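Each chain is listed here by its residues.
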Amino acid sequence: MSFVVLAASLVALLPSAGVLPGGGGRRRGLAWGLLAWGGVVRPRQLGRALGALGAVAGAVAVAGEGWGVAPAVATPALLIAAAVLMRDVVVLAIAAVGTVLVVPGIVTRYFPGAIGAALALLAAGLLLVVVAVLTARRPRPPRAAAAPAGVRDWTVGPARIAVAGAAVLLAATTVIVVIAGR
């Protein structure tokens, strides 16, 4: 209990402590999604969806900060790429909502004119529609059949790689936060 009080006190001393939980939620969401992909968290579909929700919520929380623009934009993009590889329409839908939530604020910050914001949102929307159609039209291989030679089935990942990826993600981002906080 005293550790929690100490951590909360240290966070309160940071210059922009309000976004720190959002950044942590983003990292935890991505790690949770990785673990669900590897089968460590079951059921896989629910775990991937909850991980994507956590990552998007964290991205939205840090999007208003100057340093948070890159992670906020990268999170939906990473989720879209993962959804296409895994053929996961639920993660794709969550990533699309994240894009709609993150992009307008960032676009209006860097492109103050109405035309620039409208064009950026139109481009993001068109990209989401194209990716959704491609993901929905990709045939899902039968569970019993092996993938054709040279084609990797990314719908399910190995648990060892998922755990290692989540550990590296959490450790690396923790080191970055500690270094950036100095």
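All of the points below concern the structure found in this document. (Residues numbered from 1 in each chain as written. Predicted model: local features only at pLDDT ≥ 70, side-chain atom pairs only at ≥ 80, totals over all residues. Heavy atoms only, no water.)

What follows concerns helix H6 (residues 114–137). Here H6 spans 35 Å end to end across 24 residues, near enough to the 34 Å set by a 1.5 Å rise per residue. Listed as buried for H6 are Ala117, Leu128, Val131 and Thr135. Close packing links the buried residues of H6 with helix H4 (69–86) and helix H5 (89–110). (Helix = DSSP H or I, 4+ residues; strand = E, 2+ residues; numbered from the N terminus. Expected span 1.5 Å × (residues − 1). Buried < 20%, exposed > 50% of the residue type's maximum accessible area, 1.4 Å probe, protein only. Contact = heavy atoms within 4.5 Å.)

The next subject is the pattern of salt bridges. Applying the stated rule across the entire model yields one salt bridge. Across the salt bridge formed by Asp88 and Arg48, the nearest N and O atoms sit 2.9 Å from each other. Placement of the pair is Asp88 in the loop between H4 and H5 and Arg48 in helix H3 (residues 44–62), with a sequence separation of 40 residues. Note on accessibility: Asp88 and Arg48 belong to one class, buried. (Salt bridge = Lys/Arg side-chain N within 4 Å of Asp/Glu carboxyl O.)

Before going further, it helps to spend a moment on the environment of Val69. Looking at the element boundaries, Val69 is found in helix H4. Val69 sits in the buried class, given a relative accessible area of 13%. Distance in space between the C-alpha atoms of Val69 and Ala59 is 8.6 Å, their sequence separation being 10 residues. Among residues more than four places away in sequence, those in contact with Val69 are Val62, Ala63, Ile106, Arg109 and Tyr110.

Moving on, we come to the side chain of Thr99. Structurally, Thr99 can be placed in helix H5. Here Thr99 is in contact with Pro76, Ile80, Pro104, Ala124 and Leu128, once residues within four sequence places are set aside.

Ranked by internal contacts, the top residues of the largest apolar core, which has 17 residues, are Ala52, Leu79, Ile80, Val91, Leu92 and Ile94. Beyond its immediate chain neighbours, meaning those up to four positions away, Leu92 contacts Ile80, Ala83, Val131, Ala132 and Thr135. Membership of the second largest hydrophobic core comes to seven residues, among which are Ala59, Ala63, Ala72 and Val102. (Core = buried A, V, L, I, M, F, W, Y, C linked by side-chain atoms within 4.5 Å.)

A few words on a nonpolar patch on the surface. Judged by side-chain polarity, Trp32, Leu46, Leu50 and Leu53 come together as a nonpolar surface patch covering roughly 390 Å² of accessible area. Element by element, the count of residues in the nonpolar patch is highest for H3, at three residues. Considering the arrangement of structural elements, one finds Leu53 in helix H3. What makes Leu53 partly exposed here is its relative accessible area of 47%. (Patch = residues over 30% accessible without salt bridge, like charges linked within 9 Å, V, L, I, M, F, W, Y side chains within 5 Å. Areas by Shrake-Rupley, 256 points an atom, 1.4 Å probe, with all protein chains shown as cover.)

Below, the discussion takes up the environment of Val163. Inspection of the secondary structure puts Val163 in helix H7 (residues 159–180). A relative accessible area of 41% places Val163 in the partly exposed class. Spatially, the C-alpha atoms of Val163 and Trp37 are 9.9 Å apart, while their sequence positions differ by 126 residues. Beyond its immediate stretch of four places on either side in the chain, Val163 contacts Leu35 and Val40.

With that out of the way, let us pick up unusual backbone geometry. Residues Arg42 and Pro43 are joined by a peptide bond in cis, for which omega reads -5 degrees. As for its position among the elements, Pro43 is in the loop between helix H2 (20–37) and H3. With phi around 55 degrees, Arg87 is a residue other than glycine that occupies positive phi space. Mapped onto the elements of the fold, Arg87 is located in the loop between H4 and H5.

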